[in-house]
Amino acid sequence: MILVEEKNKTREIIKEWKSKGYSIGFIPTMGYLHRGHLSLMEKARRENDKLVVSIFVNPIQFGPNEDYDKYPRDMAGDIEMCKSVNVDLIFAPSVSDMYKTSNQVYVDVEKLGDVLCGAKREGHFRGVSTVVAKLFNIISPDKAYFGEKDYQQLVIIKKMVDDLDFDLEIIPCAIVREEDGLAISSRNSYLSREERKAALILAESLSRARQAMIGGERDVSIIKNIITNELSQEPLAVIDYVELVDAIELRPVARVSERILVAVAVFIGKTRLIDNFIFEA
Ligand code: AMP
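A brief look at the structure comes next. (Residues numbered from 1 in each chain as written. Predicted model: local features only at pLDDT ≥ 70, side-chain atom pairs only at ≥ 80, totals over all residues. Heavy atoms only, no water.)

**Thoughts on the state of the cysteines**
By definition, a disulfide links the sulfur atoms of two cysteine residues through a covalent bond. Put simply, the test is: Pairs of cysteine sulfur atoms within 2.5 Å are identified as disulfides in what follows. The buried label goes to any residue with under 20% of its type's maximum accessible area, the exposed label to any with over 50%, and the partly exposed label to all in between, with areas taken from a 1.4 Å probe on protein chains only.
Throughout the structure, instances matching the rule amount to zero disulfides. Lacking any disulfide linkage, C117 is separated from the closest cysteine sulfur, that of C173, by 19 Å. What makes C117 buried here is its relative accessible area of 7%. In this model C173 remains outside any disulfide bridge; the closest cysteine sulfur is found in C82, 15 Å from its own. You can call C173 buried: its relative accessible area is 4%.

**Regarding the packing of helix α9 (residues 200-214) against helix α10 (residues 220-232)**
Keep this limit in mind: Fitting a line to C-alpha atoms yields each axis, with helices limited to the stretch in contact; the angle taken between N-to-C directions then spans 0 to 180 degrees. Runs of E in the DSSP output that reach at least two residues are strands. Runs of H or I that reach at least four are helices, and both are numbered from the N terminus. Note on terminology: angles under 35 degrees are roughly parallel, angles over 145 are roughly antiparallel, angles of 65 to 115 are roughly perpendicular, and the others are oblique. The crossing is said to be left-handed when, going from far helix to near helix, the turn is anticlockwise and less than a right angle, and right-handed when the turn is clockwise. Only heavy atoms matter for contacts: two residues are in contact if any of them lie within 4.5 Å across the pair. Under the grouping applied here, Gly and all other residues not named as nonpolar or charged are polar, the nonpolar ones being Ala, Val, Leu, Ile, Met, Phe, Trp, Tyr, Cys and Pro and the charged ones Asp, Glu, Lys and Arg.
Relative to each other, α9 and α10 sit at 150°, their axes nearing to 9 Å. Put simply, α9 runs roughly antiparallel to α10. Here α9 and α10 pass one another in a crossing that is right-handed. Contact with α9, carried on its side by I201, L202, E204, S205, L206, R208, A209, A212 and M213, involves I223, I226, I227, E230 and L231 of α10 and no other residues of that element. Across the contact of α9 with α10, the residue classes break down as ten nonpolar, one polar and three charged.

**Observations concerning the site of the ligand**
Which entries qualify depends on this criterion: If even one non-hydrogen atom of a residue comes within 4 Å of a molecule or strand, that residue is called near it. Pairing of N or O atoms within 3.5 Å defines a polar contact, subject to two protein rules: one partner must be a possible hydrogen donor and the other a possible acceptor, and residues neighboring in sequence count only if both atoms are side-chain atoms. Note on areas: these come from Shrake-Rupley sampling with a 1.4 Å probe, and a residue is covered only by the protein chains present in the view.
In the neighbourhood of the ligand, 16 residues make up the surrounding shell, with M30, H37, D150, V176 and I184 lying closest. M30 places a polar main-chain atom, nitrogen or oxygen, 2.9 Å from an oxygen atom of the ligand. In the environment of the ligand, a nitrogen atom lies 2.9 Å from a nitrogen or oxygen atom belonging to the backbone of V176. Computed on the free molecule, the ligand has an accessible area of 490 Å², of which 93% lies beneath the protein chains in the complex. Among the elements of the structure, β2 (24-29), α2 (35-47) and β5 (143-147) are those that each provide at least two residues to the shell around the ligand. If one sorts the elements of the shell around the ligand by residue count, α2 sits on top with three residues. Partitioned by chemical class, the residues of the shell around the ligand number eight nonpolar, six polar and two charged.

**Points about the side chain of S186**
Take S186: it is sitting in the loop between β6 (169-173) and α8 (193-198). Judged by its relative accessible area of 4%, S186 is buried. Polar side-chain contacts of S186 include one of 3.4 Å to the backbone oxygen of Y32. With near-sequence residues (within four places) excluded, S186 lies in contact with G31, Y32, H34, H37, Y71 and P72.

**A few points about the pattern of salt bridges**
Using the following cut-off: Criterion for a salt bridge: a side-chain nitrogen of Lys or Arg within 4 Å of a carboxyl oxygen of Asp or Glu.
One pass over the full model with this rule turns up 17 salt bridges. Between K43 and E47 there is a salt bridge whose closest N-O contact spans 3.3 Å. Of this pair, K43 and E47 both sit in helix α2, four residues apart, roughly one helical turn. Residue K43 is classed as partly exposed on the basis of its relative accessible area of 24%. Residue E47 is classed as partly exposed on the basis of its relative accessible area of 32%. Connected through salt bridges with shared partners, the residues R45, K50 and D88 form a single ionic network.

**Considerations on the pairing of β5**
Selection criterion: Any two strands between which DSSP finds at least two bridges are classified as paired.
For β5, the tally of buried residues reaches four of five residues, placing the bulk of the element in the interior. The pairing of β2 with β5 spans two bridges and is classified as parallel. Bridging across to β5, G25 finds its partner in K143. Of the pairings in the sheet, the one linking β5 to β6 comprises five bridges and is parallel in character. For F146, the partnering residue across the bridge sits in β6 and is P172.

So this is what it looks like as structure tokens:
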């Protein structure tokens with residue numbers, strides 16, 4: 001496994017691999033790797049000759065009052081985790097190398113980027129799509145893997161790839177959860193013991209909604225109420241949003257039909273957590 005910090009050196013290695021005909025799988029991450037990332041890495045390991053993981057806490061996707069400075073970092077732990085699944089190359093650039101040219105060009109996926117988390121975190125998805133576009137240009141992967149944990153991000157990146165004709169395939173990967181149901185996230189490390197318990201309310205409220213939908217409930221306002229009521233039971237939880245949208249265009253729906261994304265964002269103390277599930281009617 002090689003750890004490379006410079007994008008030019010990474011490009012050279014990729015060029016050599018390409019000349020040998022190797023297929024390249026790629027997983028962009030912000031590090032502090034956990035079992036969620038690991039599941040993407042294992043899948044990508046099986047499907048490609050070479051596996052590249054990037055570790056980069058991307059400043060331009062954080063708002064001014066967000067957690068860029070205190071976002072958890074653990075390069076030594078990340079290296080061990082990458083070794084355990086035989087990653088070939090970790091690309092871990094510095095901010096100054098990534099944004100050497102003081103960016104004036106940004107990728108903005110309209111509409112899809114304006115709803116759900118995009119409506120709450122201004123400029124977030126513009127930062128995400130821009131860095132992912134840059135990473136795709138540096139790594140030139142054949143396949144790139146994204147978790148459904150960040151479902152909106154996945155849809156936005158797919159749209160960027162289609163609209164800008166990137167020559168690669170986006171592979172969605174299922175949400176990995178802790179045994180008690182909490183979706184695994186690097187940000188879970190912010191939670192105190194009490195908050196960690198309270199955080200279960202996200203998965204529990206979604207599970208209630210899913211049960212109602214399996215039972216035949218199709219009225220979106222009733223389903224939203226089920227989730228909101230459940231979340232309100234938890235004193236440490238403050239709702240950021242509860243939304244049901246169609247899973248392709250992310251547009252609001254009044255009734256459940258076809259593929260629906262049920263998504264929540266909730267503050268537990270100061271930590272903002274997200275969770276979702278897809279329902280096929
Ligand atoms: P991050 O490091 O949080 O930017 O995540 C990097 C990638 O891992 C993104 O595609 C995430 O959606 C994915 N990911 C993070 N947590 C999970 C999880 N619990 N299950 C599945 N994928 C995840």
